[in-house]
Amino acid sequence: HHKDAYLKDWHIKSHNTNNSHIYTTPTYWRGTSLDWLNGYCDTSEEGKEGFQFMYAGRKGTFTPMHCDVLCSYSWSANIYGKKKWILFDPEESKKLFSIKTEDVVISDINNDVDMKVFPNAKRAQRIECVQHSNEIIFVPSGFYHQVRNLTDCISVNHNGMHSENVMRAWEYLR
């Protein structure tokens, strides 16, 4: 019963041995033409884990600042609890990086920010919202974000790629 217990990035597909549908993808993101990542994973042995995740965390647990895997888009369905999201569009996200080590991003924009390392972070325009139970948030490709559980939470996260963000993913991989 550790107060900081947080199950993150638990691969739904690799633990779902009977291959049943744990959830139904919302209509807006359903179909292989709208989700190349999981379409590939559904048909290929190499992609057996997929990009569908479960999160379960106690109040106060936290996912540090990041951009989603392969610069994918994602949606997160909050099954239970309340989360605070802070997001930055790709242009503003550039301000979140260290001037000393260009591939290091700030971990927590709300924490004491070392202005010598991250001099532009506090000037970055942010988008903030609180997500409640039974709500879904969409995170566009390339948006850096951090998430804090304001209460105990359970959520399903789904990353995807399609024609709208494949070039951003390619640039990220290069």
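For the structure itself, consult the block above.
Since the structure is predicted, the reported quantities are computational estimates derived from the model, not experimental observations.

> How should the sheet that holds strand β3 (residues 62-66) be read in this particular structure?
Hydrogen bonding along the main chain pairs the strands of a sheet, whether they run parallel or antiparallel. Taken in spatial order, the four strands make up an open sheet running β3-β8-β5-β6, and their pairing is antiparallel. Across the chains shown, the open sheet's two edge strands, defined by having one partner strand only, are β3 and β6 (127-131). Taken over all neighbouring pairs, the strand axes of this sheet differ in orientation by 15° on average, direction set aside. Where strand β5 (residues 83-88) and strand β8 (residues 144-149) come together, six bridges link them in antiparallel fashion. Its bridge partner being in β8, F88 is matched across the sheet by Y144.

> Help me understand the pattern of salt bridges, please; the structure alone is not making it clear to me.
A pair can form between side chains of opposite charge whenever their charged atoms are brought close. Under the definition given, this model contains six salt bridges. A salt bridge links D108 to R148; the shortest N-O distance between them is 3.2 Å. Here R148 lies in strand β8 and D108 lies in the loop between α3 (90-93) and β6, a separation of 40 residues in the sequence. Residue D108 is classed as buried on the basis of its relative accessible area, which comes to 12%. The class for R148 is partly exposed, based on a relative accessible area of 31%.

> Sorry, what's going on with the side chain of S155 here?
Take S155: it is sitting in strand β9 (residues 153-160). A distance of 3.3 Å separates a polar atom in the side chain of S155 from a polar atom in the side chain of N157. Those residues in contact with S155 that lie beyond four places of it in its chain are F53, M54, Y55, S76, A77, N78, I79 and K83.

> Before we go on, may I ask you to explain a nonpolar patch on the surface in this structure?
Together, M167, W170, Y172 and L173 line one region of the surface with nonpolar side chains, adding up to about 490 Å² of accessible area. Along the chain, the position of W170 falls in helix α4 (residues 166-173).

> Can you walk me through the pairing of strand β4 (residues 73-80) in this structure?
It is a general feature of regular strands that their side chains alternate between the two faces of the sheet. Counted residue by residue, β4 has six buried out of eight residues, so it is predominantly covered. Of the pairings in the sheet, the one linking β4 to β9 comprises seven bridges and is antiparallel in character. Residue pairing in the sheet places A77 in a bridge with V156 of β9. Here five bridges tie β4 to strand β7 (residues 135-139), and the two strands are oriented antiparallel to one another. What sits directly across from W75, in β7, is F138.

Rules used in this analysis
Per-chain numbering applies: the sequence of each chain, read as written, is numbered from 1 onward. Under the rules for a predicted model, residues below a pLDDT of 70 receive no local features and side-chain atom pairs below 80 are neither given nor counted, while totals for whole chains, interfaces and linings still include all residues. Hydrogens and water molecules were not included; the side-chain quantities draw on all heavy atoms of the structure. In this description, strands pair whenever DSSP reports at least two bridges between them. Note on conventions: DSSP H or I runs of at least 4 residues are helices, E runs of at least 2 residues are strands, and numbering of each starts at the N terminus. To get an axis, a line is fitted to the C-alpha atoms, and for a helix only the part in contact is used. The angle between two axes follows their N-to-C directions and goes from 0 to 180 degrees. Should a side-chain nitrogen of Lys or Arg be within 4 Å of a carboxyl oxygen of Asp or Glu, the pair is scored as a salt bridge. For every residue, the accessible area obtained with a 1.4 Å probe (protein chains only) is divided by the maximum for its type, and the residue is called buried under 20%, exposed over 50%, and partly exposed between those limits. Under this definition, polar contacts are N or O atom pairs within 3.5 Å; protein pairs additionally need one hydrogen-donor-capable and one acceptor-capable atom, and for neighbouring residues in sequence, both atoms have to be side-chain atoms. Residues count as neighbours in contact if any of their non-hydrogen atoms are within 4.5 Å of one another. Without a salt bridge and with relative accessible area above 30%, a residue can belong to a patch; like charges are then joined within 9 Å and nonpolar side chains (Val, Leu, Ile, Met, Phe, Trp, Tyr) within 5 Å. Values of accessible area rely on a 1.4 Å probe in the Shrake-Rupley scheme; residue burial ignores everything except the protein chains shown.

Any link to function would need more than the numbers given here.
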